[in-house]
Amino acid sequence: MRLEDNIQNIKGIGEKTAQQFGRLGISTVGDLITYYPRSYKKYSEPVSVAEVSEGDRVAVFCKVVSYVEERRGRRYNITSLSASDSTGSLRMVWFNKPYLKSQFHKGESYIFYGTIKIKGPMRVMEMPEFFTQFNYQKMLSTLRPIYPLKSGITNNSITRAIEQLRDTVLTLHDYLPEDIIEQYGLMRRGEAIMRIHFPDDEEGLKDAIKRIALDEFLEFLINVRKLKEKTVVESNHHKINDEAKVKRDGFIAGLPFSLTEGQKAAVEDITRDLESDYMMSRLIQGDVGSGKTVVAVIALLMNAISGYQGALMVPTEVLAMQHYEDISKMLKPYKITVRLLTGSMTAKDKRTVYQELKDGICDIVIGTHAIIQDATEFKELGLVITDEQHRFGVKQREKLAEKGDMPNILIMSATPIPRTLAIILYADMDISVIKDMPADRKSIYNCVVGTDYRPAAYKFLRERVGAGEQVYVICPMVEESETVDAENVINYSEDLQEKLGSGVRVSYLHGKMKESEKHEILENFVKRDIDVLVSTTVIEVGINNPNATVMMIENAERFGLAQLHQLRGRVGRGSLQSYCIFINVKKTEESMERLKVLEESNDGFFIASEDLRLRGPGDFFGIRQSGDLNFRIADIYKHADMLRLAQDLSLIIDDI
Ligand code: ADP
Ligand code: MG
C-alpha cells in the first residue's frame, strides 16, 4: 500500500468507518500512520490492598471471595463481587456488564486494575479491567497508545487499522543516508512510526519520538531553506520615500507614550530594511505585552505613505477585529483606507474588499488567513506582516509572500525562543528582539488557589469593577458537556451574573458565536460597557484592553504553561496594577508544581524553560502547547539537538 492510498483500502474499513475517520482528518494511509497517540497507558506493578487510597489508579492481585452479585439499579445493571489479598479486601463493581457474572468464580485469583473510590465504609474499584497473572506480567512493560478521539471512532479501531499497515510502514523508504543513521544512533523512519504507535518500552518510545522530531524539523527547515533561496537576494521593489520617514516621526511624537529602547531599535531596523536595496525579511520577537503592534503600525504607515498596500495577517478572527479597530483609529489622521477581511464575513462584504484591494482603494487589509485565499489580488502589495507567527506554518507565510511582487516581509512572535534556536528556525530572516517592557508597567500579582477561594475572588472582582476596572474570566468549555468535567462559559457567566448582582455587567464570548456577535462583544468590552467578560481561550492571543486588570482562569490545570502565560498576558497591559488568579480545580501534585511556576514568574523565557524541566524525560508529550510552531511531535526545547542536526541535513537533503 502507498501512503497516498485511501484508507478504504485497509481491510475492515468500509465507507462508514472511513467517514468517521474523516472527521479526525484521516483520509489516506499517510494521514493514519501520522495520527499519533496523545499519551500512553502504562500498567503498573500490583500493590497490596492495604496500600491503596482513594483516587489511586492501581493494580491489585486478589482472590474472588464472594459470589458474583447482580442487581438492577435505577440507571444501571450492577455486577459486583468481593476480592481480597492477605492485607485487605475491595469491592469490584461494574455497570451494565451483565455478561461478567459467568466470568468469575469464588476462589479464582486475578489482577484487577482500576481507580479506587471510598463509598461509606467500603473501598471500591469501579469498572476494573482484569487479567490473569500470566497475561498481566506480559503487559507490564508495554505502553498502550491513547489517541485523541471524536465520537464514533474507538481507540481500538485506530490501533487495529494501524496494525494492518505494519508491513507498509516498516518498509517505508528512509531518505536519511545510512552513515547518518549510524553516526547518530537514529531509528529508521518506518520503525519509528510503528514504535510511536506501539512502543515496546519507554526507551524505544523516546528513540522513536526523537526520530520523528528530526523528520518534522527537517521538513520545516527544507521549506525554510527554499524560502530563503527564493527571497534572500531579491531586490527591494517597494522602497519607502522620505515623506514616509517624516510621517513616521510625526506618528511617534503623537503617541501617548514614548517607545521603549527595544521598540525604537526595531523601528530603526525596519526603516533601514525598507530603504535598502534588498527586500526585507524580518522577525520581531517580544514577550506578550512588549508592544509589537505599534511597531507593525509604523511599518504599515511608512509603506502606505510610500504608495504601497500592506497586509496584516493574524491567527484568530477576534484578534483581526481588534487590530482593525485599533489600527484604524491610530491611522485616522492620515489618508489611509483600512479594511477588515475574515472568513466568516458575508460573501458580499468579502467581494467588496477584494475589489478594493484589486483597485488599490484599500491601503491596508487586516485579517485572518482569508487574506491568502486565491480570490485576493492586490494592486501593489508592498508589505506583508504576520502577527503571532508561531500559529502559522511556513507554507502560509510563503503563500502570503507570493501574493504580490516580492513584498517586504515582517513577522511577529511572542514565543520565547532562545536566540540560537531562533536563528535556525527563522534562517530566512533577520531578527529584532524587544527585550524591555514599557516603563509604566507594574509586575502582575499572581495567585494559585483552589475552588474554595472563589467567594473571595468574586468579592475582589466586584471591588476592581467598582474602581472602574475590568475583568476576564476564562473557562475551558463553551457549554456543558457530558463527558468533560470542566467549567463552561455559558453556565458560568449566568452564575457569575447572579453572584455579582445587577450592578456588575457580565457578558460572554466564545468561538462558536457569529462574527457580528463576537465583534459587538469585543467592542463593548473595550468601550467599557461590559465589566466582566467570561470567555474561552479565543481571547488567548493578541487581545488588548489595558483597562482590564484581573484575569481569573478556571480549571487552570487543564492548560499548558505557555498558554497560561499568553492568557495572563491579556492583563498588565497598561499602567494599572494587574492580577491573575489561577483556579486549580484538580489539585494534583503535578498541577500544583506547574502552576507554581506562573505564580513565581512573569517572564516568558523562564516559564518555557521550567515547562521543559517539569515535563521531564518520561512525560512524552505534556499538554500540547499553542506556541509550538505547529510541530506535532517535535519540541524545539526538548529536541534542540535534533533541530541542530536537521539544520545541517536541510542543506544536503531536498525532500523527505
Ligand atoms: P504585544 O507585544 O503583546 O502585541 P501590544 O502591542 O498589544 O503588545 O501592546 C500592549 C499595550 O501596550 C497596548 O495597550 C499598547 O498601546 C501599549 N504600549 C505599547 N508600547 C508602549 C510603550 N512604549 N509605553 C507604554 N505603553 C505601550
Ligand atoms: Mg500582539
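Because the structure is a prediction, the values reported are computed rather than measured.

## Some words on the sheet that holds strand S20 (residues 548-553)
In step 1: If you walk across this open sheet you meet the 6 strands as S16-S21-S20-S17-S19-S18, and the pairing is parallel. Either end of the sheet is taken by a strand with one partner, and the two such strands are strand S16 (445-449) and strand S18 (506-509). In this sheet, neighbouring strand axes are inclined to one another by 20° on average, regardless of whether the strands run parallel or antiparallel.
In step 2: Two strands pair when backbone bridges link them, and S16 and strand S21 (residues 579-583) are joined in this way by 5 bridges, in the parallel orientation. Note that in S21 the partner of valine 448 across the bridge is phenylalanine 582.

## Focus on the site of ligand 1
In step 1: Around ligand 1, a shell composed of 18 residues is seen, among which Gly289, Lys292, Thr293, Arg441 and Arg573 lie nearest.
In step 2: In this structure, an oxygen atom belonging to ligand 1 sits 2.6 Å away from a main-chain N or O atom of glycine 289.
In step 3: Arginine 441 places a polar side-chain atom, nitrogen or oxygen, 2.5 Å from an oxygen atom of ligand 1.
In step 4: Within the complex, 89% of the 570 Å² of free accessible area of ligand 1 lies under protein.
In step 5: Spatially, ligand 1 is embedded in the second largest pocket.
In step 6: When grouped by side-chain class, the residues that make up the shell around ligand 1 number 5 nonpolar, 8 polar and 5 charged.

## Let's talk about the pairing of strand S7 (residues 122-131)
Side-chain positions along a regular strand alternate between the two faces of the sheet.
In step 1: Relative to S7, strand S5 (residues 88-95) runs parallel, the two being bridged by 3 bridges. Bridge assignment links valine 93 to a residue of S7, and that residue is glutamate 126.
In step 2: Of the pairings in the sheet, the one linking strand S6 (residues 109-119) to S7 comprises 8 bridges and is antiparallel in character. By the bridge assignment, threonine 115 is partnered in S7 with glutamate 126.
In step 3: Counted along the chain from S6 to the antiparallel partner S7, the turn is 2 residues long, and its residue glycine 120 has a positive phi close to 60°.

## Remarks on the layout of surface pockets
In step 1: Roughly 930 Å³ of volume is contained in the second largest pocket.
In step 2: Lining of the second largest pocket is provided by 35 residues; of these, Phe257, Val294, Asn544, Pro546 and Arg573 occupy positions nearest its centre.
In step 3: At the level of secondary structure, the elements contributing two or more residues to the lining of the second largest pocket comprise helix H9 (242-254), helix H11 (292-305) and helix H12 (317-330).
In step 4: A per-class count over the lining of the second largest pocket returns 12 nonpolar, 14 polar and 9 charged.

The rules behind each value
- Residue numbers run consecutively from 1 along every chain, following the written order of its sequence.
- Here chains are named by letter from A upward and ligands by number from 1 upward, in the order in which they appear as written.
- Only residues with pLDDT of at least 70 get local features here, since the model is predicted, and only at 80 or more are side-chain atom pairs given and counted; chain-wide, interface and lining totals rely on the full set of residues.
- The basis for every side-chain value is the complete set of heavy atoms in the structure, and neither hydrogens nor water enter the calculation.
- Paired strands are those between which DSSP finds at least two bridges.
- Put simply, DSSP marks the helices as runs of H or I at least four residues long and the strands as runs of E at least two long, and each gets a number from the N terminus on.
- Fitted lines through C-alpha atoms give the axes, limited to the stretch in contact for helices. The angle between two N-to-C directions lies from 0 to 180 degrees.
- Think of it this way: one heavy atom of a residue within 4 Å of a molecule or strand is enough to make that residue near it.
- Side-chain atoms alone can form a polar contact between residues adjacent in sequence; in general such a contact is a pair of N or O atoms within 3.5 Å, and within protein one must be able to donate a hydrogen while the other accepts it.
- To measure how exposed things are, a 1.4 Å probe is used in the Shrake-Rupley method; for residues, cover is taken only from the protein chains shown.
- Using only the protein atoms, space was sampled on a 1 Å grid; points where a 1.4 Å probe fits but cannot get out form cavities, open sets with protein on both sides within 12 Å along at least five of seven lines form pockets, and lining residues are those with an atom within 4 Å of a point.
- To qualify as sitting in a cavity or pocket, a molecule needs more than half of its atoms within 2 Å of the grid points.
- Under the convention adopted here, Pro, Cys and the residues Ala, Val, Leu, Ile, Met, Phe, Trp and Tyr are nonpolar, Asp, Glu, Lys and Arg are charged, and Gly plus all remaining residues are polar.
- Grid points are joined across faces, edges and corners, and a volume is the space filled by probe spheres set on the points.

Distances and angles like these do not, on their own, reveal function.
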